Amino acid sequence: SRIMTVAAAQMGPIARDESRQAVVARLIDMLRQAKDRGADLVVYPELCLTTFFPRWMMEDQDEVDSWFERTMPNPAVNPLFEAARESEVGFCLGYAELAQEDGGTRRFNTAILVDKAGRVALKYRKVHLPGHAEPQEGRKFQHLEKRYFEPGNLGFPVRRVMDANMGLCICNDRRWPETYRVMGLQDVEMVLCGYNTPTDHVQDPAINRLSDFHNHLSMQAGAYQNATWVVGVAKGGVEEGSEMITHSAIFAPSGEIVAQAATMEDEVVTFACDLEMGRKYKETIFNFAAHREPDAYRLIVER
Ligand code: ING
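It should be emphasised that the depicted structure is a prediction, and the values quoted were computed from it without experimental measurement.

Thresholds, definitions, all that
Residues numbered from 1 in each chain as written. Predicted model: local features only at pLDDT ≥ 70, side-chain atom pairs only at ≥ 80, totals over all residues. Heavy atoms only, no water. Axes fitted to C-alpha atoms, helices over the stretch in contact; angles between N-to-C directions. Helix = DSSP H or I, 4+ residues; strand = E, 2+ residues; numbered from the N terminus. Parallel < 35°, antiparallel > 145°, perpendicular 65-115°, else oblique. Contact = heavy atoms within 4.5 Å. Pairing = 2+ DSSP bridges. Polar contact = N/O pair within 3.5 Å; in protein donor to acceptor, adjacent residues only side chain to side chain. Patch = residues over 30% accessible without salt bridge, like charges linked within 9 Å, V, L, I, M, F, W, Y side chains within 5 Å. Areas by Shrake-Rupley, 256 points an atom, 1.4 Å probe, with all protein chains shown as cover. Salt bridge = Lys/Arg side-chain N within 4 Å of Asp/Glu carboxyl O. Buried < 20%, exposed > 50% of the residue type's maximum accessible area, 1.4 Å probe, protein only. pLDDT = per-residue confidence, 0-100. Near = heavy atom within 4 Å. Nonpolar A, V, L, I, M, F, W, Y, C, P; charged D, E, K, R; others polar.

Comments concerning the packing of helix H1 (residues 20–36) against helix H3 (residues 78–87)
Thought 1: Look at H1 against H3: their axes get within 9 Å of each other, and the N-to-C directions meet at 10°. Considering the angle they form, H1 stands roughly parallel to H3. Residue-level contacts link Val24, Leu27, Ile28, Leu31, Arg32 and Lys35 of H1 to Pro79, Leu80, Ala83, Ala84 and Ser87 of H3.

Comments concerning the pairing of strand E5 (residues 120–125)
Thought 1: Pairing of strand E4 (residues 104–114) with E5 involves 5 bridges; the strand directions are antiparallel. Across the sheet, residue isoleucine 112 finds its bridge partner in E5, namely lysine 123.

A closer look at the side chain of threonine 179
Thought 1: As for its placement among the helices and strands, threonine 179 is situated in helix H5 (residues 177–184).
Thought 2: At 2.8 Å, the side chain of threonine 179 and the backbone oxygen of aspartate 173 are in polar contact.
Thought 3: Beyond its immediate stretch of four places on either side in the chain, threonine 179 contacts His128, Phe156, Cys169 and Asp173.

Considerations on a nonpolar patch on the surface
Thought 1: A cluster of nonpolar residues, Tyr297, Ile300 and Val301, forms a patch on the protein surface that exposes about 310 Å² of accessible area.
Thought 2: Inspection of the secondary structure assignment puts tyrosine 297 in the loop between helix H9 (288–291) and helix H10 (299–302).
Thought 3: Tyrosine 297 gets classed as partly exposed once you look at its relative accessible area, which sits at 31%.

Some remarks on the confidence of the model for the chain
Thought 1: Here the chain averages 98 in pLDDT, while 100% of its residues score no lower than 70.
Thought 2: Under the prediction, the complex receives an ipTM of 0.98, its pTM being 0.98.

Details of the pattern of salt bridges
A pair can form between side chains of opposite charge whenever their charged atoms are brought close.
Thought 1: Across all of its chains, the model carries 25 salt bridges by this definition.
Thought 2: Ionic pairing is found between arginine 147 and glutamate 134, a salt bridge with its closest N-O pair at 3.2 Å. With a gap of 13 residues between them, arginine 147 in helix H4 (residues 145–148) and glutamate 134 in the loop between E5 and H4 connect regions that are remote in the sequence.
Thought 3: Judged by its relative accessible area of 31%, arginine 147 falls in the partly exposed class.
Thought 4: Residue classification places glutamate 134 among the partly exposed positions, given a relative accessible area of 47%.
Thought 5: Aspartate 295 is the salt-bridge partner of arginine 298, the closest N and O atoms lying 2.6 Å from each other.
Thought 6: Judged by its relative accessible area of 44%, arginine 298 is partly exposed.
Thought 7: Assessed through its relative accessible area of 62%, aspartate 295 is described here as exposed.
Thought 8: What you see here is one network of salt bridges that share partners, running through Arg2, Arg160, Asp163, Asp187, Glu189, Glu276, Arg279 and Lys282.

Remarks on the sheet that holds strand E13 (residues 257–260)
Two modes of strand pairing occur in sheets, parallel and antiparallel, and in both the strands are linked by backbone hydrogen bonds.
Thought 1: If you walk across this open sheet you meet the 6 strands as E6-E7-E8-E9-E12-E13, and the pairing is mixed. Of all the strands in the sheet, just strand E6 (158–161) and E13 have a single pairing partner and so form its edges. Pairs of neighbouring strands in the sheet enclose a mean axial angle of 25°, with direction left out of account.
Thought 2: Across 3 bridges, the pairing between strand E9 (residues 229–234) and strand E12 (residues 249–251) is antiparallel.

A short note on the site of the ligand
Thought 1: Contacts to the ligand come from 13 residues, most closely from Glu145, Cys171, Asn172, Arg175 and Thr197.
Thought 2: Here an oxygen atom of the ligand sits 2.8 Å away from a polar atom, N or O, in the side chain of asparagine 172.
Thought 3: Here a nitrogen atom of the ligand sits 3.0 Å away from a polar atom, N or O, in the main chain of asparagine 196.
Thought 4: For the ligand, the accessible surface in isolation is 370 Å², of which the surrounding protein chains cover 89%.
Thought 5: Of the residues belonging to the shell around the ligand, the class tally is 3 nonpolar, 5 polar and 5 charged.

Here is the structure:
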């Protein structure tokens, strides 16, 4: 066995006017709780430095850009990087990234994995952007990720970090089987996924009442069908009037939920994950080399 003790650091709401410094203090507090429980790795939610700003239509680009980080690390998050390095704990951080790239300004919904030495070992930019580019009539809250971000351009990389094949995805990505399969084909052993999931995403109560079920269903399926651990971490509760789901959880390669959050607040959930657990599935049921028939799947990439 090869044990990675992972902590899902679920967050309660972040207020619109909550400073990054105040938020970072919450993140450090949870890092210390996780360390006390023997965690090697702490996983924070999507966009964990600010409120979920895509719920609002903003005309002024400077206002939009105030929600983004221009460098990472930066003065606001340095205390977290220092606390993690001192505690010899790795962490996964979700944030809005404003980058100067290919001669232009690019904006992504991003997550990084920082190792125990404080190095950024892996970076991911959210591929599946839900919602809309233009405000929609009749919505109490908008969902304008397609307006404020562009689709990620880094693919779904899997890297050996902290002696584990690690992969990242963000929120809506977890609903798409392709997300896990692209990483599964790279022999991923643990997928880290933060999310901010409003319960009123579609205007249909019959679907919205299943928000929690669809959340766990997506990650249980992804874990089992690719024989990988999945760590799903919410920022939730009622944030600026918008209700978002919580139930952060840790999913084993069997598809079983081995630990889950019980509150809608900041809450640390830990589990000692044996990274060898997926091996038996990959040698039998999900032996991709022996059983997959890619020629039969061409439609998936031909659109
Ligand atoms: N949020 C939501 C998510 O995919 C959503 C959007 C909610 C889609 C409910 C479908 C159903 O969890 C983000 N940020 O992607």
